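As a plain string of letters, each chain reads:
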Amino acid sequence: MNSFINTRNRDNTMALATLGTETANDHTTDLDTMSVADLLTVMNQEDRTVPVAVAAALPAIENAVNAIVGARRRGGRLIYLGAGTSGRLGVLDAVECPPTFGTDPGEVLGLIAGGERAFLQAVEGAEDDPDLAVNDLRAVGLTVADVVVGIAASGRTPYVIGGLDHARSVGAATVSVACNLGAEISRHADVAIEVDTGPEVLTGSTRLKAGSAQKLVCNMLSTASMIRTGKVFHNLMVDVQPTNAKLVDRARRIVSDATGADPDTAAAAIDQAGGHAKTAVVMLLTDTDFPTATARLEQAHGDVRTAITSP
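Residues numbered from 1 in each chain as written. Predicted model: local features only at pLDDT ≥ 70, side-chain atom pairs only at ≥ 80, totals over all residues. Heavy atoms only, no water.

> What's the story with helix α5 (residues 84-101) in this structure? I'm lost.
Residues spaced three or four apart along an α-helix point in a common direction, a consequence of the helix completing one turn every 3.6 residues. A rise of 1.5 Å per residue sets the reference length of α5, with its 18 residues, at 26 Å; its end C-alpha atoms lie 26 Å apart and thus fit the reference within 8%. All buried positions along α5 are accounted for by S86, G87, L89, G90, V91, D93, A94, C97, P98, T100 and F101. Where α5 is buried, its residues meet β1 (78-82), β2 (108-112), β3 (147-152) and α8 (209-228). Phi for G102, located one or two positions after α5, is positive at around 65°. (Helix = DSSP H or I, 4+ residues; strand = E, 2+ residues; numbered from the N terminus. Expected span 1.5 Å × (residues − 1). Buried < 20%, exposed > 50% of the residue type's maximum accessible area, 1.4 Å probe, protein only. Contact = heavy atoms within 4.5 Å.)

> Please clarify how the environment of M43 should be interpreted in this entry.
Tracing the chain through its elements places M43 in helix α2 (residues 36-47). For M43, a relative accessible area of 26% corresponds to the partly exposed category. Expressed as a C-alpha distance, the spacing of M43 and H276, which sit 233 residues apart in the sequence, is 43 Å. Not counting residues up to four positions away in its chain, the partners in contact with M43 are V201 and L208.

> In this structure, what is going on with the sheet that holds strand β4 (residues 173-178)? I would like to understand it.
Two pairing modes exist for strands in a sheet, parallel and antiparallel, and in both the strands are linked by backbone hydrogen bonds. Read from one edge of the open sheet, five strands run β2-β1-β3-β4-β5, paired in parallel fashion. Looking along the sheet, the strands with just one partner apiece sit at the ends: β2 and β5 (191-194). Adjacent strand axes in the sheet meet at a mean angle of 15°, parallel and antiparallel pairs treated alike. Where β3 meets β4, six bridges bridge the pair, whose relative direction is parallel. By the bridge assignment, G150 is partnered in β4 with S176. Across the face of the sheet, α5 comes into contact with β1, β2 and β3 while running at roughly 160° to β2. (Pairing = 2+ DSSP bridges. Axes fitted to C-alpha atoms, helices over the stretch in contact; angles between N-to-C directions.)

> Looking at this structure, how should I read the pattern of salt bridges?
Should their charged atoms come close, side chains of opposite charge can pair. As enumerated under the stated definition, the model contains eight salt bridges in all. Salt-bridge contacts for K278 lead to D239; the nearest nitrogen and oxygen are separated by 2.7 Å. Of this pair, K278 sits in helix α11 (residues 277-286) while D239 sits in the loop between α8 and α9 (245-259), and the two are 39 residues apart along the sequence. The two residues K278 and D239 agree in class, both being buried. A salt bridge links D249 to R252; the shortest N-O distance between them is 2.5 Å. Here D249 pairs with R252, and both are found in helix α9, just three residues apart, close to one helical turn. (Salt bridge = Lys/Arg side-chain N within 4 Å of Asp/Glu carboxyl O.)

> Help me understand the nonpolar core, please; the structure alone is not making it clear to me.
Across soluble globular proteins, you tend to see nonpolar side chains buried next to one another. Counting 35 residues, the largest nonpolar core has I61, Y80, V149, I193, V195, V217 and L221 as the members making the most contacts within it. With seven residues, helix α4 (residues 58-73) is the largest single contributor of residues to this core. Apart from the residues lying within four places of it in its own chain, the contact partners of Y80 are G90, D93, A94, V108, L109, G110, L111, V149, I151, C218, L221 and S222. (Core = buried A, V, L, I, M, F, W, Y, C linked by side-chain atoms within 4.5 Å.)

> What's the story with unusual backbone geometry in this structure? I'm lost.
Trans is the common state for peptide bonds, and a negative phi is the common state for residues other than glycine. A positive phi angle, close to 55°, is found at D287, a residue other than glycine. Checked against the element boundaries, D287 lands in the loop between α11 and α12 (290-299). For H301, which is not glycine, the phi dihedral falls at a positive 55°. The residue H301 is located in the loop between α12 and α13 (304-309) in this model.

> Just checking my understanding: could you explain the side chain of N25 for this structure?
With respect to the secondary-structure elements, N25 resides in the loop between α1 (2-17) and α2. At a separation of 2.8 Å, a polar atom in the side chain of N25 contacts the main-chain amide nitrogen of H27. (Polar contact = N/O pair within 3.5 Å; in protein donor to acceptor, adjacent residues only side chain to side chain.)

> I keep staring at the pairing of β2 and nothing clicks. Help me out?
Each regular strand displays side chains that alternate between the two surfaces of the sheet. Among the five residues in β2, four count as buried, and that is most of the element. When β1 meets β2, the two strands line up parallel, connected through five bridges. In the sheet register, I79 faces β2, and the bridge partner there is L109. Once you follow β1 into α5 and on to β2, the crossover reads as right-handed. (Right-handed = clockwise from strand over helix to strand, strands pointing away.)

> Where do I start with the pairing of β4 in this structure?
With six of six residues buried, β4 is to be regarded as a mostly interior element. For the segment spanning β3, helix α7 (residues 158-170) and β4, crossover handedness is right-handed. One ladder, built from four bridges, connects β4 with β5; its direction is parallel. Across the sheet, residue V177 finds its bridge partner in β5, namely I193.

> What is the right way to read helix α3 (residues 49-56) from this model?
Of all the positions in α3, only V50, A53 and V54 are classed as buried. The buried residues of α3 occupy an angular sector of 100° when projected down its axis, which confines them to one face. What points out from α3, more than 90 degrees from its buried face, is the exposed set V52 and A56. Looking at the buried residues of α3, the elements they touch are α2, α4 and α8. (Arc of directions from axis to C-beta.)

Coordinates in, geometry out; function isn't part of it.
Written out as structure tokens, the structure reads:
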């Protein structure tokens, strides 16, 4: 048994060493002897390659957005799944959706190997257990209506693979996000996003370029899918939740920008709409009261443009 384990670990290590995210960067061989100015310059130069790499993956990202939109329209959830930095980025994107888009906290979830405590402190070995992902997905009641986005910089994390396989067995839509081409997790998802970020400035530290790429992809997945499901009017976050002074002011400015109303009129409309900027926008643009605007939005499935143009 020990011989098998040692052989398996040796094979896995060899496979890992061939990945672009794990190889040494020729531009930073003398990283430890560089001046701070040179060090920052080379990091900045390497970071500039990230959006270019993401651009090459836009067709796959588009397919993933369409899958998420489909899930949302059938009442399903967006569920991010990852380990370490990848898992933390998924959690970060998930927790930003309620204040930004007014979603229920259960609409977008972030699952990380090792559970919530792993967000703040590494849980050793959690990413190597595919069964943990199965348990995590069962715990949140994964259904065929949902879409699971598995994130792994290396593209080979067992936790993510286990989660994607379980999601497919349930019939849920699946998306993989990796930072290497020909990633193993790509074979376990309906839509495979591969962003070729290449060697890191600090060899193997995928919280750097790979992490930046994953953040950009998550930004696109959540923002684009929310836009396509009525959470945005023009380029305004009309479903923002005014839960603090800054957001109260932002909601007022959003209503004012969307309708052309002066700040006092916008603020009054928001008060009449119970603090809901989107409803205030519809009230002002259609010259209707709160119940009528609410009914228009419900009939339009939350889409402002439809709500203000429908009879």
